Amino acid sequence: MWRLPFEDSALTGHFGKIRVINGKKTQPHRGTDWGVKLGTPIPAVSKGTVMLVQFSKVLGWVLVRSVKGRDGKVMYVGYCHMDVEPQLKVGDKLKVGQVIGKVGNTGMSSGPHLHATLSDTVRGVFSGNVYDLYKYLVEQIKEVKNAKGKAVQNRKAPAKINVCTECGKELK
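Nothing here was measured: the structure is a model prediction, and the numbers come from that model. (Residues numbered from 1 in each chain as written. Predicted model: local features only at pLDDT ≥ 70, side-chain atom pairs only at ≥ 80, totals over all residues. Heavy atoms only, no water.)

Draft legend 1. Fine view of helix 1 (residues 133–142). Within helix 1, seven of the ten residues are buried, which leaves the element mostly enclosed by the surrounding structure. Of the positions making up helix 1, those classed as buried are Leu133, Tyr134, Tyr136, Leu137, Val138, Gln140 and Ile141. (Buried < 20%, exposed > 50% of the residue type's maximum accessible area, 1.4 Å probe, protein only. Helix = DSSP H or I, 4+ residues; strand = E, 2+ residues; numbered from the N terminus.)

Draft legend 2. Geometry of the side chain of His29. Inspection of the secondary structure puts His29 in the loop between strand 3 (24–25) and strand 4 (32–34). With relative accessibility at 5%, the residue His29 sits in the buried group. Among the polar contacts listed, one links the side chain of His29 to the side chain of His115, at a separation of 3.3 Å. Those residues in contact with His29, other than ones at most four positions away along the chain, are Gly13, His14, Phe15, Gly16, Lys17, Arg19 and His115. (Polar contact = N/O pair within 3.5 Å; in protein donor to acceptor, adjacent residues only side chain to side chain. Contact = heavy atoms within 4.5 Å.)

Draft legend 3. Representation of the pairing of strand 7 (residues 60–68) in the model. Burial within strand 7 is extensive, with eight of its nine residues counted as buried. One ladder, built from six bridges, connects strand 6 (residues 48–56) with strand 7; its direction is antiparallel. Note that in strand 7 the partner of Leu52 across the bridge is Val64. The antiparallel hairpin formed by strand 6 and strand 7 contains three residues in its connecting segment. Examined bridge by bridge, strand 7 and strand 8 (residues 74–82) share seven bridges and lie antiparallel to one another. Pairing of Val67 across the sheet is with Met75, part of strand 8. Connecting strand 7 to the next strand, strand 8, in antiparallel fashion are five residues, including Gly72 with a positive phi near 90°. (Pairing = 2+ DSSP bridges.)

Draft legend 4. Quick peek at the pattern of salt bridges. Here the structure, examined in full by the defined rule, presents one salt bridge. When the shortest N-O distance is used, the salt bridge between Glu139 and Lys142 registers 3.2 Å. A residue pair is termed a helical-turn pair when its members lie 3 or 4 positions apart in one helix, as Glu139 and Lys142 do in helix 1 at three residues. For Glu139, a relative accessible area of 29% corresponds to the partly exposed category. Accessibility expressed as a relative area gives 27% for Lys142, which makes it partly exposed. (Salt bridge = Lys/Arg side-chain N within 4 Å of Asp/Glu carboxyl O.)

Draft legend 5. Up close: unusual backbone geometry. Phi at His81 takes a positive value of approximately 70°, unusual for a residue other than glycine. Of the residues examined, His81 reaches a relative accessible area of 4% and is grouped as buried.

Draft legend 6. Quick peek at the packing of aromatic side chains. This structure, assessed with the given rule, holds two aromatic pairs. Residues Trp2 and Tyr136 carry aromatic rings whose centres are separated by 5.8 Å and whose planes lie at 85° to one another, so their mutual orientation is edge-to-face. Separated by 134 residues along the polypeptide, Trp2 in the segment before strand 1 (11–13) and Tyr136 in helix 1 bring together distant segments of the chain. Judged by its relative accessible area of 7%, Trp2 falls in the buried class. Seen from their ring centres, Phe55 and Trp61 are 5.3 Å apart, and the 70° between their planes marks the pair as edge-to-face. Classification of Phe55 by relative accessible area gives partly exposed; the value is 42%. (Phe/Tyr/Trp six-rings, centres within 6.5 Å; stacked < 30°, edge-to-face > 60°.)

Spelled out as structure tokens, the structure:
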């Protein structure tokens, strides 16, 4: 089972978007941001295992955990800017929806939000390959199988899968 960490309406930063800060263009955004109230509990997007807990000057408190997609491939989700050091430790097993920490404003953050990344390596949150977490989650929750193995629509799937909630443009 899969879920988005927060509702679509909380999306404030989109993967790959070029931003302008102090008049200068930035590198493409390496994650997806959900702007929610400071201290809001962050739910795990699926079951998995905690792989890394670390503080970064840029990303603040970071927790990285493994996820296994419907295709069987293991990926890693990094939850960043958490309010304090997560209480979970490397090796802890997580269930979907389990609280992993709280939304914070640590590191070089522009305000309280969850910055989340998807990578093919544990340390990909810091450098390396990253992918569109929002699009990945939507694909994972779009269709689930019932007890008899028949595909059924997951009622938690967003209505518009490939449309940016901020600007209305099609996402790739």
